[in-house]
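Coordinate inspection notes
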Amino acid sequence: MDQTTLNFIVVGLSFALYFGIAIWARAGSTAEFYAAGRGVNPVVNGMATAADWMSAASFISMAGLIAFVGYNNSLFLMGWTGGYVLMAMLLAPYLRKFGKYTVPEFVGDRYYSNTARVVAVICLIVISVTYVIGQMSGAGVAFARFLEVDRDTGLYIAGAVVFVYAVLGGMKGITYTQVAQYCVLIIAYTIPAIFISLQLTGNPIPGLGLFSSMNEGVAGGVEAGVPLLTTLDGLLTDLGFNEYTATTNPWLMALYTLSLMIGTAGLPHVIIRFFTVPKVADARWSAGWALVFIALLYLTAPAVGAMARLNIITTMWPEGTQGEAVAQEDLPDWFNTWEVTGLLGTEDLNGDGRIQYYNEGSAEGQAFAEANGLEGNELVTFNRDILVLANPEIANLPGWVIALIAAGGIAAALSTAAGLLLAISSAISHDLIKSVMNPGISEKGELLAARISMAGAIVVAVYLGLNPPGFAAQVVALAFGLAAATLFPTLMMGIFSKRMNSAGAIAGMLAGLISTCLYLFLYLGWFFVPGTNMLDSSQYLFGIPPTHFGPIGALFNFGVAFLVSRATAEPPQEIQDLVESVRIPRGAGGALAK
Amino acid sequence: MSENNAYWSANLRLVTICLVIWALASYGFAILLRPLISGIEVGGTDLGFWFAQQGSILVFLFLIFFYAWRMNKIDRDHGVDE
């Protein structure tokens, strides 16, 4: 049986599982559609949150993102996990106690203002829509790569699969499919990682293997008994690359980490997952479980990245960097397979029949080229996603493991897309239709509105996936920056400051929204239209790139909100009582009936 | 009301302690204070690198479970548990 057929079978089985869950977990009420009836076990919710959180980017790209830069990009590991500490201590338990269905609903009630609620809906939609575009195109790419269907067909299939379980089951269907998707993706990710770690270091736990010594019998003139990271540093500097473990700019690294952490804590599709557990104490535990399941992948990813990078170098330099490079006809089979997809590409520039891989962009690399008669780096295409995608083949694992990676990549994209679509559709049906436009709508009517909003959101997401706006690369920065600058401060002040009033919160949210958009637009172009940027990267304010702006936008939000709230009247007594009640766990179960 | 105030300040104290450790493990040891602990070697590199790629995440995990455990106890002590 060929690999594509096997991929179809494994992916098809995973879809059958999701559909089975969808039929079993149909939503019968708005409480089930928005919050899975608040009956989700905290461990199960933790697992669903992990799948909700880890996108196609975490699954396919993150290991490469770290491996190609080394230490500096550890900020993604810390940024995308450290936010859970903030969420667990500053937001999740209190919002669960509040006991409603959406993030804008808390903003609207706490700040006794439909204006605040609508501003929050706008922030939520901008954040979630930009985020979902990446997921849909990620799903399309995953289909294209593994099942050899074209990208657009892949997108339609992804949209159709999400449609079935999200429209039918709402949060309830999404929760239990996310649990299944988590299992698929974590198995797919860890099996090849364990085998590679065993081959290179003899340690079955990749996170420990990363700090272990090299095994006997590794190719590439690698000395046994030397630490893996020392070996990698040595190979990379020989070839003119930066040292793997070196620091570049610690202050910017800290600022970007902070931006990702605050942004993570303020992402609505993650926050609403904590509305599904029965009690406040469960929300606290559940955040811990979520991080356990996330950490299983995030502790493995840096090891996968470093080990795969080492493997590629020793494949290219089987006798070590001082010996002969690999002859073209000796390239392994997996290399040729991936060359067909265009993710790897070679060109024998100096015509010696061998493929020399080095960094032609550095002085050390050029010296290396001169000494060895090279005329340029001959591994001309080296897509960083290859580090995860080709892992099973590098480790000589059987075809079904490769098929699992296919199912895992698709599961990661679908689970995140579904969570985002629920956040969008519930903000539309619950916050705009039910609360602002038609407060008299019946329970049945609202459930129907929720299903229609979900269907509409999926159609829009598929459309945007097919015709991605020109700013695809910047959207993640926008989503995290905006979540950090708008929703996080507003939610936090709503809980921790009794004095914060509606004028302050609205002014703060707008200050965060406008300052962040302005900073992004000035440097990246108005609405990301290329060429309309008014300043370039040499003119960054204090050297801060737009991707790092989140914490500064948040500071604007906090500062403006504080000043405006002190200049205006304090919130009414019943709002102060509401804050008092949100702070205390007792009585959370009662909210179930609403 | 004063019982609630005592509960809330116990919560704030716990959150502050946890966030100091949170910042120390990530912004501190893994990034800004990395040069200070560069003398401590871990598997071919320094302790700061280990904190950046493994240690900080393990500390985050510990902190959330510690917070949940302590906080649930504080709830019971102040009679505001569910």
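As shown above, the structure is provided for reference.
Residues numbered from 1 in each chain as written. Chains lettered and ligands numbered in written order. Predicted model: local features only at pLDDT ≥ 70, side-chain atom pairs only at ≥ 80, totals over all residues. Heavy atoms only, no water.

Here's the deal with the nonpolar core
By size, the foremost hydrophobic cluster in this structure holds 230 residues, and its most contacted members are Trp53(A), Tyr298(A) and Met316(A). For this core, the leading source of residues is helix 8 (residues 151–201) of chain A, giving 20 residues. Setting aside anything within four residues of it in sequence, one finds Tyr298(A) in contact with Trp53(A), Met54(A), Ser58(A), Met62(A), Phe76(A), Leu77(A), Trp80(A), Thr81(A) and Ile57(B). In this structure, Leu255(A), Tyr519(A), Ile544(A) and Phe549(A) belong to the second largest nonpolar core, which totals five residues. (Core = buried A, V, L, I, M, F, W, Y, C linked by side-chain atoms within 4.5 Å. Buried < 20%, exposed > 50% of the residue type's maximum accessible area, 1.4 Å probe, protein only. Helix = DSSP H or I, 4+ residues; strand = E, 2+ residues; numbered from the N terminus. Contact = heavy atoms within 4.5 Å.)

Section: the packing of aromatic side chains
Residues and elements named next belong to chain A. The full count for this structure, using the stated rule, is 37 aromatic pairs over all chains. Considering the side-chain rings of Phe33 and Tyr34, the 6.1 Å spacing of their centres and the 90° angle between planes classify their relative orientation as edge-to-face. Three or more aromatic residues joined by ring pairs form one cluster here, namely Trp53, Phe76, Trp80, Tyr84, Tyr131, Tyr256 and Phe480. (Phe/Tyr/Trp six-rings, centres within 6.5 Å; stacked < 30°, edge-to-face > 60°.)

Let's talk about the layout of surface pockets
Residues and elements named next belong to chain A. For the second largest pocket, the calculated volume is near 310 Å³. Every residue lining the second largest pocket is counted, 14 residues in all, and those nearest its centre are Ala219, Asn311, Thr314, Thr315 and Ile394. When residues of the lining of the second largest pocket are traced back to their parent elements, those giving at least two are helix 8, helix 14 (301–316) and helix 18 (391–394). In terms of residue count, the dominant contributor to the lining of the second largest pocket is helix 14 (three residues). When the residues that make up the lining of the second largest pocket are grouped by side-chain class, the tally is seven nonpolar, six polar and one charged. (1 Å grid on protein atoms, 1.4 Å probe; cavity = no way out; pocket = protein on both sides within 12 Å on 5 of 7 lines; lining within 4 Å. Points joined across faces, edges and corners; volume = space filled by probe spheres on them. Nonpolar A, V, L, I, M, F, W, Y, C, P; charged D, E, K, R; others polar.)

Let's talk about the interface of chain B and chain A
On the chain A side, the residues contacting the 43 residues of chain B number 55 residues. Counting the surface lost from both chain B and chain A, the interface buries some 4,400 Å², and carbon and sulfur atoms represent 71% of this. Looking only at chain B, the three residues that lose the most surface to chain A are Trp8(B), Ile64(B) and Glu82(B), adding up to 16% of its buried area. On inspection of chain B and its partner chain A, the count reaches two salt bridges. The salt bridge involving Asp81(B) is made with Arg586(A); its shortest N-O contact spans 3.2 Å. Counting residues per element, the ones that place at least two in the side of chain B that touches chain A are helix 1 (2–32) and helix 2 (47–77) of chain B. (Buried area = accessible area lost by both parts, 1.4 Å probe. Salt bridge = Lys/Arg side-chain N within 4 Å of Asp/Glu carboxyl O.)

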